[in-house]
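Results of the structural survey
The chain contents come next:
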Amino acid sequence: MADPTGVTVSTISRLPKLLKIHEAQILKVWMDEQLASLSRRAGLIGDAELRAQSKNFLSEFHKATQSGSLEDISGPQWASAKALLADICRSRAEQGFTPMETASFVLSVRGPLMDRLQQEYGNDAAGLAAEMRSSNLLLDKLALYTAEVALQNRETIIKRQQEEMLELSTPVVRLFPGVLALPLIGTLDSARTQIVMENLLQKIVETEATIAILDITGVATVDTLVAQHLLKTVAAARLMGADCIISGIRPQIAQTIVHLGVELQNVATKATLADALFLALQRNGFSVQRLAKESAGAK
Amino acid sequence: MQTTTSDRLTVRAEEDVVKVRQATRSLAQKTGLNLVDQTKVVTAASELARNTLVYGGGGEVLIEAISDGMRSGVRLTFEDKGPGIADIELAMKDGFTSGTGLGLGLSGAKRLANEFRIESRLGEGTTVVITKWKG
Ligand SMILES: Nc1ncnc2c1ncn2[C@@H]1O[C@H](COP(=O)(O)OP(=O)(O)OP(=O)(O)O)[C@@H](O)[C@H]1O
Ligand SMILES: [Mg+2]
(Lines give C-alpha, C1' and ligand atoms only; values in the text may rest on other atoms or scores of the structure.)
(Ligands and ions follow the chains in the order given, each with its own letter.)
Protein backbone atom coordinates (compact mmCIF):
# COMPACT_ATOMS: atom_id res chain seq x y z
CA MET A 1 0.00 0.00 0.00
CA ALA A 2 3.01 2.29 0.08
CA ASP A 3 2.41 5.05 -2.41
CA PRO A 4 5.64 6.21 -4.01
CA THR A 5 4.31 9.75 -4.40
CA GLY A 6 3.85 9.96 -0.65
CA VAL A 7 0.43 11.60 -1.08
CA THR A 8 -1.49 8.99 0.88
CA VAL A 9 1.00 8.64 3.67
CA SER A 10 -1.72 8.59 6.30
CA THR A 11 -3.12 5.33 4.91
CA ILE A 12 0.13 3.43 5.12
CA SER A 13 -0.32 0.72 7.67
CA ARG A 14 2.04 0.54 10.58
CA LEU A 15 1.01 -3.05 11.14
CA PRO A 16 4.02 -4.63 9.38
CA LYS A 17 6.40 -2.45 11.34
CA LEU A 18 4.72 -3.28 14.63
CA LEU A 19 4.77 -6.98 13.87
CA LYS A 20 8.44 -6.79 13.12
CA ILE A 21 9.53 -4.86 16.17
CA HIS A 22 7.18 -6.34 18.75
CA GLU A 23 6.74 -9.85 17.49
CA ALA A 24 8.04 -11.49 20.66
CA GLN A 25 5.89 -9.33 22.93
CA ILE A 26 2.73 -9.87 20.84
CA LEU A 27 3.34 -13.60 20.81
CA LYS A 28 3.75 -13.67 24.57
CA VAL A 29 0.50 -11.79 25.27
CA TRP A 30 -1.36 -13.81 22.66
CA MET A 31 -0.09 -17.12 24.07
CA ASP A 32 -1.08 -16.13 27.60
CA GLU A 33 -4.57 -15.25 26.44
CA GLN A 34 -4.97 -18.42 24.42
CA LEU A 35 -3.78 -20.63 27.25
CA ALA A 36 -6.23 -18.92 29.59
CA SER A 37 -9.20 -19.27 27.27
CA LEU A 38 -8.26 -22.72 26.06
CA SER A 39 -7.91 -24.02 29.57
CA ARG A 40 -11.17 -25.95 29.41
CA ARG A 41 -10.06 -27.77 26.28
CA ALA A 42 -6.41 -27.93 27.25
CA GLY A 43 -6.31 -31.65 26.61
CA LEU A 44 -6.87 -31.19 22.90
CA ILE A 45 -3.62 -29.47 22.01
CA GLY A 46 -0.22 -29.28 23.66
CA ASP A 47 1.26 -25.94 24.73
CA ALA A 48 4.34 -26.47 22.61
CA GLU A 49 2.30 -27.13 19.49
CA LEU A 50 0.09 -24.12 20.16
CA ARG A 51 3.17 -21.93 20.63
CA ALA A 52 4.71 -23.17 17.39
CA GLN A 53 1.49 -22.55 15.48
CA SER A 54 1.10 -19.07 16.94
CA LYS A 55 4.72 -18.15 16.25
CA ASN A 56 4.52 -19.41 12.68
CA PHE A 57 1.28 -17.59 12.09
CA LEU A 58 2.66 -14.29 13.35
CA SER A 59 5.68 -14.64 11.14
CA GLU A 60 3.66 -15.51 8.04
CA PHE A 61 1.18 -12.77 8.88
CA HIS A 62 4.00 -10.31 9.12
CA LYS A 63 5.47 -11.35 5.77
CA ALA A 64 2.09 -11.12 4.07
CA THR A 65 1.30 -7.66 5.47
CA GLN A 66 4.69 -6.46 4.31
CA SER A 67 4.25 -7.32 0.68
CA GLY A 68 0.59 -8.02 0.19
CA SER A 69 -2.65 -6.11 0.28
CA LEU A 70 -4.35 -5.62 3.62
CA GLU A 71 -7.75 -5.56 1.98
CA ASP A 72 -7.57 -8.57 -0.22
CA ILE A 73 -6.14 -11.89 0.92
CA SER A 74 -6.61 -13.64 -2.42
CA GLY A 75 -3.23 -12.54 -3.81
CA PRO A 76 -0.10 -14.73 -3.95
CA GLN A 77 1.47 -12.81 -1.04
CA TRP A 78 -1.11 -14.36 1.25
CA ALA A 79 -0.68 -17.88 -0.10
CA SER A 80 1.76 -19.12 2.48
CA ALA A 81 -0.12 -17.59 5.44
CA LYS A 82 -3.26 -19.29 4.18
CA ALA A 83 -1.44 -22.57 3.64
CA LEU A 84 -0.32 -22.42 7.26
CA LEU A 85 -3.90 -21.80 8.41
CA ALA A 86 -5.10 -24.72 6.30
CA ASP A 87 -2.48 -26.91 7.95
CA ILE A 88 -3.59 -25.80 11.38
CA CYS A 89 -7.19 -26.54 10.41
CA ARG A 90 -6.24 -30.05 9.42
CA SER A 91 -4.48 -30.88 12.65
CA ARG A 92 -7.16 -29.21 14.79
CA ALA A 93 -9.89 -31.19 13.06
CA GLU A 94 -8.06 -34.38 13.99
CA GLN A 95 -7.73 -33.09 17.55
CA GLY A 96 -11.47 -32.59 17.81
CA PHE A 97 -11.75 -28.80 17.64
CA THR A 98 -14.94 -27.46 16.11
CA PRO A 99 -14.59 -25.21 13.04
CA MET A 100 -15.62 -22.20 15.16
CA GLU A 101 -12.97 -22.97 17.77
CA THR A 102 -10.38 -23.25 15.03
CA ALA A 103 -11.41 -19.92 13.52
CA SER A 104 -11.21 -18.25 16.92
CA PHE A 105 -7.48 -18.98 16.87
CA VAL A 106 -7.14 -16.22 14.28
CA LEU A 107 -9.61 -13.91 15.99
CA SER A 108 -7.83 -14.20 19.32
CA VAL A 109 -4.77 -12.38 18.01
CA ARG A 110 -6.95 -9.30 17.64
CA GLY A 111 -6.61 -8.25 21.28
CA PRO A 112 -2.80 -8.23 21.49
CA LEU A 113 -2.56 -6.52 18.09
CA MET A 114 -5.04 -3.81 19.00
CA ASP A 115 -3.17 -3.11 22.25
CA ARG A 116 0.01 -2.62 20.28
CA LEU A 117 -1.67 -0.34 17.75
CA GLN A 118 -3.05 1.77 20.55
CA GLN A 119 0.38 2.25 22.08
CA GLU A 120 1.82 3.02 18.68
CA TYR A 121 -0.74 5.68 17.74
CA GLY A 122 -0.98 7.29 21.14
CA ASN A 123 -3.07 10.45 20.76
CA ASP A 124 -3.63 10.11 17.03
CA ALA A 125 -7.24 8.92 17.34
CA ALA A 126 -8.06 9.25 13.67
CA GLY A 127 -5.01 7.26 12.63
CA LEU A 128 -5.76 4.60 15.19
CA ALA A 129 -9.39 4.31 14.13
CA ALA A 130 -8.43 3.86 10.49
CA GLU A 131 -5.76 1.32 11.30
CA MET A 132 -8.03 -0.62 13.65
CA ARG A 133 -10.75 -0.73 11.07
CA SER A 134 -8.54 -2.14 8.36
CA SER A 135 -6.84 -4.61 10.71
CA ASN A 136 -10.17 -5.85 11.98
CA LEU A 137 -11.47 -6.40 8.47
CA LEU A 138 -8.29 -8.24 7.60
CA LEU A 139 -8.51 -10.54 10.63
CA ASP A 140 -12.17 -11.18 9.89
CA LYS A 141 -11.27 -12.30 6.39
CA LEU A 142 -8.58 -14.64 7.66
CA ALA A 143 -10.95 -16.04 10.29
CA LEU A 144 -13.66 -16.64 7.71
CA TYR A 145 -11.15 -18.34 5.48
CA THR A 146 -10.12 -20.55 8.40
CA ALA A 147 -13.70 -21.41 9.27
CA GLU A 148 -14.41 -22.33 5.68
CA VAL A 149 -11.40 -24.63 5.42
CA ALA A 150 -12.25 -26.18 8.79
CA LEU A 151 -15.82 -26.87 7.65
CA GLN A 152 -14.58 -28.41 4.42
CA ASN A 153 -12.22 -30.62 6.40
CA ARG A 154 -15.05 -31.73 8.59
CA GLU A 155 -17.13 -32.67 5.57
CA THR A 156 -14.22 -34.61 4.12
CA ILE A 157 -13.79 -36.50 7.37
CA ILE A 158 -17.50 -37.33 7.54
CA LYS A 159 -17.45 -38.51 3.93
CA ARG A 160 -14.45 -40.72 4.60
CA GLN A 161 -16.10 -42.20 7.66
CA GLN A 162 -19.22 -42.89 5.64
CA GLU A 163 -17.16 -44.67 3.03
CA GLU A 164 -15.45 -46.72 5.69
CA MET A 165 -18.84 -47.61 7.12
CA LEU A 166 -19.99 -48.70 3.70
CA GLU A 167 -17.28 -51.28 3.56
CA LEU A 168 -17.64 -52.28 7.16
CA SER A 169 -21.34 -52.76 6.99
CA THR A 170 -21.42 -55.22 4.15
CA PRO A 171 -19.85 -58.39 5.49
CA VAL A 172 -20.54 -61.66 3.75
CA VAL A 173 -20.93 -64.42 6.34
CA ARG A 174 -20.36 -68.10 5.73
CA LEU A 175 -23.19 -69.88 7.56
CA PHE A 176 -22.50 -73.42 6.43
CA PRO A 177 -20.44 -75.03 3.71
CA GLY A 178 -21.95 -73.80 0.46
CA VAL A 179 -24.23 -71.25 2.18
CA LEU A 180 -23.45 -67.53 2.41
CA ALA A 181 -25.46 -64.85 4.17
CA LEU A 182 -25.45 -61.13 3.55
CA PRO A 183 -27.03 -59.15 6.38
CA LEU A 184 -28.10 -55.85 4.82
CA ILE A 185 -28.44 -52.90 7.18
CA GLY A 186 -29.55 -49.32 6.71
CA THR A 187 -30.07 -47.52 3.45
CA LEU A 188 -29.49 -49.46 0.27
CA ASP A 189 -28.48 -46.69 -2.06
CA SER A 190 -26.77 -47.27 -5.35
CA ALA A 191 -23.19 -46.76 -4.16
CA ARG A 192 -23.61 -49.20 -1.32
CA THR A 193 -25.40 -51.82 -3.40
CA GLN A 194 -22.54 -51.83 -5.84
CA ILE A 195 -20.10 -52.71 -3.07
CA VAL A 196 -22.46 -55.26 -1.58
CA MET A 197 -22.94 -56.98 -4.88
CA GLU A 198 -19.25 -57.09 -5.72
CA ASN A 199 -18.41 -58.47 -2.28
CA LEU A 200 -21.03 -61.15 -2.57
CA LEU A 201 -20.04 -62.27 -6.06
CA GLN A 202 -16.42 -62.49 -5.07
CA LYS A 203 -17.25 -64.58 -2.00
CA ILE A 204 -19.45 -66.87 -4.07
CA VAL A 205 -16.50 -67.59 -6.31
CA GLU A 206 -14.05 -67.99 -3.41
CA THR A 207 -16.23 -70.32 -1.37
CA GLU A 208 -18.00 -72.09 -4.23
CA ALA A 209 -21.26 -71.36 -2.48
CA THR A 210 -24.46 -72.51 -4.13
CA ILE A 211 -26.85 -70.54 -1.97
CA ALA A 212 -26.73 -66.91 -0.86
CA ILE A 213 -29.16 -65.50 1.68
CA LEU A 214 -29.88 -61.78 1.41
CA ASP A 215 -31.24 -60.74 4.79
CA ILE A 216 -33.13 -57.44 4.79
CA THR A 217 -34.17 -57.39 8.45
CA GLY A 218 -32.11 -54.23 8.90
CA VAL A 219 -33.38 -52.39 5.82
CA ALA A 220 -35.95 -49.79 6.88
CA THR A 221 -37.59 -49.14 3.54
CA VAL A 222 -37.94 -51.41 0.53
CA ASP A 223 -38.96 -49.21 -2.39
CA THR A 224 -38.66 -49.89 -6.12
CA LEU A 225 -34.99 -48.91 -6.17
CA VAL A 226 -34.08 -51.27 -3.33
CA ALA A 227 -36.18 -54.00 -4.95
CA GLN A 228 -34.40 -53.45 -8.23
CA HIS A 229 -31.01 -53.66 -6.51
CA LEU A 230 -32.04 -56.89 -4.83
CA LEU A 231 -33.29 -58.38 -8.09
CA LYS A 232 -30.07 -57.38 -9.85
CA THR A 233 -28.01 -59.00 -7.11
CA VAL A 234 -30.09 -62.16 -7.38
CA ALA A 235 -29.60 -62.25 -11.16
CA ALA A 236 -25.85 -61.70 -10.90
CA ALA A 237 -25.48 -64.39 -8.21
CA ARG A 238 -27.40 -66.77 -10.41
CA LEU A 239 -24.93 -66.19 -13.21
CA MET A 240 -22.18 -67.20 -10.80
CA GLY A 241 -24.03 -70.39 -10.03
CA ALA A 242 -25.64 -69.47 -6.72
CA ASP A 243 -29.34 -69.24 -5.90
CA CYS A 244 -30.54 -66.48 -3.61
CA ILE A 245 -33.02 -66.52 -0.78
CA ILE A 246 -34.32 -63.19 0.53
CA SER A 247 -35.04 -63.30 4.25
CA GLY A 248 -36.07 -60.91 6.97
CA ILE A 249 -39.14 -59.61 5.17
CA ARG A 250 -41.22 -58.15 7.97
CA PRO A 251 -45.02 -58.25 7.59
CA GLN A 252 -45.37 -54.52 6.94
CA ILE A 253 -42.66 -54.70 4.29
CA ALA A 254 -44.36 -57.68 2.64
CA GLN A 255 -47.65 -55.77 2.39
CA THR A 256 -45.94 -52.70 1.04
CA ILE A 257 -44.04 -54.63 -1.61
CA VAL A 258 -47.30 -56.15 -2.83
CA HIS A 259 -48.99 -52.75 -3.14
CA LEU A 260 -45.95 -51.34 -4.83
CA GLY A 261 -46.38 -54.04 -7.45
CA VAL A 262 -42.88 -55.47 -7.15
CA GLU A 263 -42.77 -59.15 -7.99
CA LEU A 264 -40.28 -61.34 -6.21
CA GLN A 265 -41.82 -64.41 -7.78
CA ASN A 266 -38.67 -66.00 -9.03
CA VAL A 267 -36.91 -65.61 -5.71
CA ALA A 268 -37.44 -67.70 -2.62
CA THR A 269 -38.42 -65.51 0.32
CA LYS A 270 -38.51 -66.33 4.02
CA ALA A 271 -39.62 -64.41 7.07
CA THR A 272 -36.46 -65.03 9.08
CA LEU A 273 -32.82 -65.79 8.50
CA ALA A 274 -33.31 -69.04 10.43
CA ASP A 275 -36.05 -70.15 8.03
CA ALA A 276 -33.81 -69.27 5.11
CA LEU A 277 -30.90 -71.29 6.51
CA PHE A 278 -33.23 -74.22 7.02
CA LEU A 279 -34.36 -74.03 3.41
CA ALA A 280 -30.75 -73.72 2.21
CA LEU A 281 -29.72 -76.83 4.12
CA GLN A 282 -32.66 -78.74 2.71
CA ARG A 283 -31.81 -77.71 -0.81
CA ASN A 284 -28.25 -78.86 -0.32
CA GLY A 285 -29.48 -82.25 0.83
CA PHE A 286 -29.10 -81.83 4.57
CA SER A 287 -31.77 -82.37 7.12
CA VAL A 288 -31.86 -81.01 10.63
CA GLN A 289 -32.84 -83.42 13.36
CA ARG A 290 -32.94 -83.23 17.10
CA LEU A 291 -31.11 -86.12 18.71
CA ALA A 292 -33.93 -87.03 21.03
CA LYS A 293 -31.98 -89.14 23.52
CA GLU A 294 -29.04 -86.88 23.99
CA SER A 295 -30.94 -83.62 24.24
CA ALA A 296 -33.23 -85.25 26.77
CA GLY A 297 -30.18 -86.50 28.64
CA ALA A 298 -28.53 -83.10 28.56
CA LYS A 299 -31.44 -81.58 30.40
CA MET B 1 -59.21 -29.20 6.15
CA GLN B 2 -56.80 -28.07 8.79
CA THR B 3 -53.04 -28.29 8.83
CA THR B 4 -51.54 -28.81 12.27
CA THR B 5 -47.85 -29.04 11.47
CA SER B 6 -45.86 -28.63 8.30
CA ASP B 7 -42.30 -29.06 7.25
CA ARG B 8 -40.66 -28.15 3.96
CA LEU B 9 -37.63 -30.06 2.67
CA THR B 10 -35.51 -29.54 -0.41
CA VAL B 11 -34.60 -32.48 -2.58
CA ARG B 12 -31.34 -31.98 -4.37
CA ALA B 13 -29.34 -35.14 -3.69
CA GLU B 14 -29.76 -38.77 -2.78
CA GLU B 15 -29.30 -37.94 0.94
CA ASP B 16 -32.32 -35.67 0.74
CA VAL B 17 -34.48 -38.65 -0.25
CA VAL B 18 -33.37 -40.31 2.99
CA LYS B 19 -34.30 -37.14 4.91
CA VAL B 20 -37.76 -37.08 3.31
CA ARG B 21 -38.28 -40.68 4.38
CA GLN B 22 -37.18 -39.92 7.94
CA ALA B 23 -39.37 -36.82 8.25
CA THR B 24 -42.35 -38.71 6.83
CA ARG B 25 -41.85 -41.61 9.21
CA SER B 26 -41.57 -39.36 12.21
CA LEU B 27 -44.74 -37.43 11.33
CA ALA B 28 -46.64 -40.64 10.50
CA GLN B 29 -45.70 -41.95 13.94
CA LYS B 30 -46.80 -38.74 15.64
CA THR B 31 -50.09 -38.81 13.75
CA GLY B 32 -50.68 -42.30 15.07
CA LEU B 33 -50.63 -44.29 11.83
CA ASN B 34 -50.15 -48.00 12.43
CA LEU B 35 -46.92 -49.69 11.44
CA VAL B 36 -48.20 -50.96 8.09
CA ASP B 37 -49.55 -47.53 7.11
CA GLN B 38 -46.36 -45.84 8.28
CA THR B 39 -44.35 -48.18 6.08
CA LYS B 40 -46.68 -47.59 3.14
CA VAL B 41 -46.56 -43.81 3.28
CA VAL B 42 -42.79 -43.78 3.85
CA THR B 43 -42.30 -46.01 0.84
CA ALA B 44 -44.56 -43.83 -1.31
CA ALA B 45 -42.61 -40.77 -0.11
CA SER B 46 -39.37 -42.47 -1.13
CA GLU B 47 -40.71 -43.14 -4.65
CA LEU B 48 -42.04 -39.65 -5.21
CA ALA B 49 -39.02 -37.89 -3.72
CA ARG B 50 -36.74 -39.91 -5.98
CA ASN B 51 -38.83 -39.02 -9.03
CA THR B 52 -38.58 -35.35 -7.99
CA LEU B 53 -34.81 -35.76 -7.83
CA VAL B 54 -34.19 -37.94 -10.88
CA TYR B 55 -36.79 -36.67 -13.36
CA GLY B 56 -37.74 -33.30 -11.93
CA GLY B 57 -34.11 -32.27 -11.45
CA GLY B 58 -34.77 -31.61 -7.77
CA GLY B 59 -37.54 -29.75 -6.00
CA GLU B 60 -39.36 -29.41 -2.72
CA VAL B 61 -41.44 -31.59 -0.48
CA LEU B 62 -44.11 -30.28 1.88
CA ILE B 63 -44.88 -32.68 4.72
CA GLU B 64 -48.06 -31.89 6.65
CA ALA B 65 -50.13 -33.34 9.44
CA ILE B 66 -53.74 -32.63 8.52
CA SER B 67 -57.18 -33.13 9.96
CA ASP B 68 -60.65 -32.82 8.40
CA GLY B 69 -62.53 -32.84 11.65
CA MET B 70 -63.29 -36.55 11.46
CA ARG B 71 -59.85 -38.01 11.01
CA SER B 72 -56.21 -37.09 10.92
CA GLY B 73 -53.55 -38.00 8.43
CA VAL B 74 -50.35 -37.14 6.63
CA ARG B 75 -50.27 -35.18 3.41
CA LEU B 76 -47.19 -34.97 1.20
CA THR B 77 -46.72 -32.55 -1.69
CA PHE B 78 -43.86 -33.07 -4.14
CA GLU B 79 -43.10 -30.16 -6.38
CA ASP B 80 -40.54 -29.68 -9.10
CA LYS B 81 -39.92 -27.25 -11.92
CA GLY B 82 -38.55 -29.91 -14.21
CA PRO B 83 -39.52 -30.93 -17.74
CA GLY B 84 -42.98 -32.17 -16.80
CA ILE B 85 -44.67 -35.35 -17.99
CA ALA B 86 -45.94 -35.51 -21.57
CA ASP B 87 -48.36 -38.38 -21.09
CA ILE B 88 -49.49 -38.81 -17.49
CA GLU B 89 -51.63 -41.85 -18.28
CA LEU B 90 -48.61 -43.61 -19.73
CA ALA B 91 -46.36 -42.56 -16.84
CA MET B 92 -48.89 -44.03 -14.42
CA LYS B 93 -48.84 -47.44 -16.12
CA ASP B 94 -47.22 -50.28 -14.21
CA GLY B 95 -43.87 -50.99 -15.75
CA PHE B 96 -43.50 -47.80 -17.76
CA THR B 97 -40.19 -46.08 -17.29
CA SER B 98 -38.35 -43.53 -19.39
CA GLY B 99 -35.22 -44.31 -17.40
CA THR B 100 -33.82 -47.52 -16.00
CA GLY B 101 -36.30 -48.09 -13.17
CA LEU B 102 -38.98 -50.71 -12.69
CA GLY B 103 -41.65 -48.20 -13.67
CA LEU B 104 -43.62 -48.86 -10.51
CA GLY B 105 -42.97 -45.70 -8.49
CA LEU B 106 -45.94 -43.54 -9.53
CA SER B 107 -48.51 -46.31 -9.78
CA GLY B 108 -47.17 -47.94 -6.61
CA ALA B 109 -47.34 -44.67 -4.68
CA LYS B 110 -50.96 -44.30 -5.79
CA ARG B 111 -51.80 -47.77 -4.48
CA LEU B 112 -49.96 -47.14 -1.21
CA ALA B 113 -51.77 -43.86 -0.47
CA ASN B 114 -55.45 -43.14 0.20
CA GLU B 115 -55.54 -40.12 -2.05
CA PHE B 116 -53.34 -39.32 -5.01
CA ARG B 117 -53.27 -36.32 -7.31
CA ILE B 118 -50.81 -35.51 -10.05
CA GLU B 119 -50.48 -32.36 -12.10
CA SER B 120 -47.88 -31.77 -14.72
CA ARG B 121 -47.21 -29.31 -17.49
CA LEU B 122 -44.58 -29.76 -20.14
CA GLY B 123 -41.72 -27.38 -19.57
CA GLU B 124 -43.15 -26.17 -16.26
CA GLY B 125 -42.93 -28.98 -13.80
CA THR B 126 -44.78 -31.63 -11.87
CA THR B 127 -46.71 -31.68 -8.60
CA VAL B 128 -47.83 -34.86 -6.88
CA VAL B 129 -49.94 -34.82 -3.70
CA ILE B 130 -50.71 -37.90 -1.63
CA THR B 131 -52.63 -38.33 1.62
CA LYS B 132 -52.57 -41.21 4.05
CA TRP B 133 -55.36 -41.20 6.65
CA LYS B 134 -55.13 -42.77 10.05
CA GLY B 135 -57.23 -45.90 10.48
N1 LIG C 1 -41.37 -35.51 -11.37
C2 LIG C 1 -41.32 -36.01 -12.62
N3 LIG C 1 -40.95 -35.20 -13.66
C4 LIG C 1 -40.89 -35.70 -14.91
N5 LIG C 1 -41.16 -36.98 -15.24
C6 LIG C 1 -41.52 -37.83 -14.27
C7 LIG C 1 -41.62 -37.41 -12.91
N8 LIG C 1 -42.02 -38.45 -12.17
C9 LIG C 1 -42.16 -39.49 -13.02
N10 LIG C 1 -41.86 -39.12 -14.28
C11 LIG C 1 -41.93 -39.97 -15.48
O12 LIG C 1 -42.80 -41.03 -15.21
C13 LIG C 1 -42.13 -42.27 -15.42
C14 LIG C 1 -42.67 -43.31 -14.47
O15 LIG C 1 -42.31 -42.99 -13.13
P16 LIG C 1 -42.21 -44.16 -12.05
O17 LIG C 1 -41.80 -43.57 -10.77
O18 LIG C 1 -43.52 -44.89 -12.08
O19 LIG C 1 -41.13 -45.13 -12.64
P20 LIG C 1 -39.54 -44.95 -12.65
O21 LIG C 1 -39.15 -43.85 -11.77
O22 LIG C 1 -39.11 -44.86 -14.06
O23 LIG C 1 -39.04 -46.33 -12.04
P24 LIG C 1 -39.18 -46.78 -10.50
O25 LIG C 1 -39.90 -45.67 -9.78
O26 LIG C 1 -39.97 -48.03 -10.52
O27 LIG C 1 -37.81 -46.97 -10.00
C28 LIG C 1 -40.69 -41.97 -15.25
O29 LIG C 1 -39.86 -42.91 -15.91
C30 LIG C 1 -40.59 -40.57 -15.84
O31 LIG C 1 -40.52 -40.62 -17.24
MG1 LIG D 1 -39.81 -43.63 -9.81
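In what follows, the structure referred to is the one given above.
One structure accompanies this document, and this report is about it. (Residues numbered from 1 in each chain as written. Chains lettered and ligands numbered in written order. Predicted model: local features only at pLDDT ≥ 70, side-chain atom pairs only at ≥ 80, totals over all residues. Heavy atoms only, no water.)

This next bit is on empty space enclosed by the protein. Residue and element names in this part refer to chain A. One pass over the structure, following the stated rule, counts one cavity of 30 Å³ or more. Leu182, Leu184, Leu188, Thr193, Val196, Leu214, His229, Leu230 and Thr233 are the residues that line the largest cavity. For the lining of the largest cavity, the secondary structure elements donating two or more residues are β2 (179-185), α7 (190-207) and α8 (224-239). Here the element with the most residues in the lining of the largest cavity is α8; it accounts for three residues. In the lining of the largest cavity, the residues fall into six nonpolar, three polar and no charged. (1 Å grid on protein atoms, 1.4 Å probe; cavity = no way out; pocket = protein on both sides within 12 Å on 5 of 7 lines; lining within 4 Å. Points joined across faces, edges and corners; volume = space filled by probe spheres on them. Helix = DSSP H or I, 4+ residues; strand = E, 2+ residues; numbered from the N terminus. Nonpolar A, V, L, I, M, F, W, Y, C, P; charged D, E, K, R; others polar.)

As a further point, take a nonpolar patch on the surface. Residue and element names in this part refer to chain A. Taken together, Val173, Leu175 and Leu273 make up a surface patch of nonpolar side chains, about 190 Å² in accessible area. With respect to the element layout, leucine 175 can be found in strand β1 (residues 173-176). Leucine 175 sits in the partly exposed class, given a relative accessible area of 31%. (Patch = residues over 30% accessible without salt bridge, like charges linked within 9 Å, V, L, I, M, F, W, Y side chains within 5 Å. Areas by Shrake-Rupley, 256 points an atom, 1.4 Å probe, with all protein chains shown as cover. Salt bridge = Lys/Arg side-chain N within 4 Å of Asp/Glu carboxyl O. Buried < 20%, exposed > 50% of the residue type's maximum accessible area, 1.4 Å probe, protein only.)

What follows concerns the site of ligand 1. By nearness alone, 20 residues border ligand 1, and B:Asn51, B:Tyr55, B:Thr97, B:Ser98 and B:Leu104 come closest of all. One finds residues of chains A and B in close proximity to ligand 1. Separating an oxygen atom of ligand 1 from a backbone N or O atom of B:Gly103 is a distance of 2.8 Å. Here ligand 1, which alone exposes 600 Å², has 92% of that area covered by the protein. The set of elements that each furnish at least two residues to the shell around ligand 1 consists of α2 (35-54) and α4 (105-112) of chain B. A class-by-class count of the residues in the shell around ligand 1 yields seven nonpolar, eleven polar and two charged. (Near = heavy atom within 4 Å. Polar contact = N/O pair within 3.5 Å; in protein donor to acceptor, adjacent residues only side chain to side chain.)

Residue and element names in this part refer to chain A. Across the five residues of strand β4 (residues 243-247), four count as buried, placing the element largely inside the fold. Bridging between strand β3 (residues 211-218) and β4 involves five bridges; their strand directions are parallel. The partner of isoleucine 211 across the bridge, within β4, is aspartate 243. For the segment spanning β3, α8 and β4, crossover handedness is right-handed. Once the chain exits β4 it traverses helix α9 (residues 251-260) before rejoining the sheet at strand β5 (residues 268-270), and the crossover so formed is right-handed. (Pairing = 2+ DSSP bridges. Right-handed = clockwise from strand over helix to strand, strands pointing away.)

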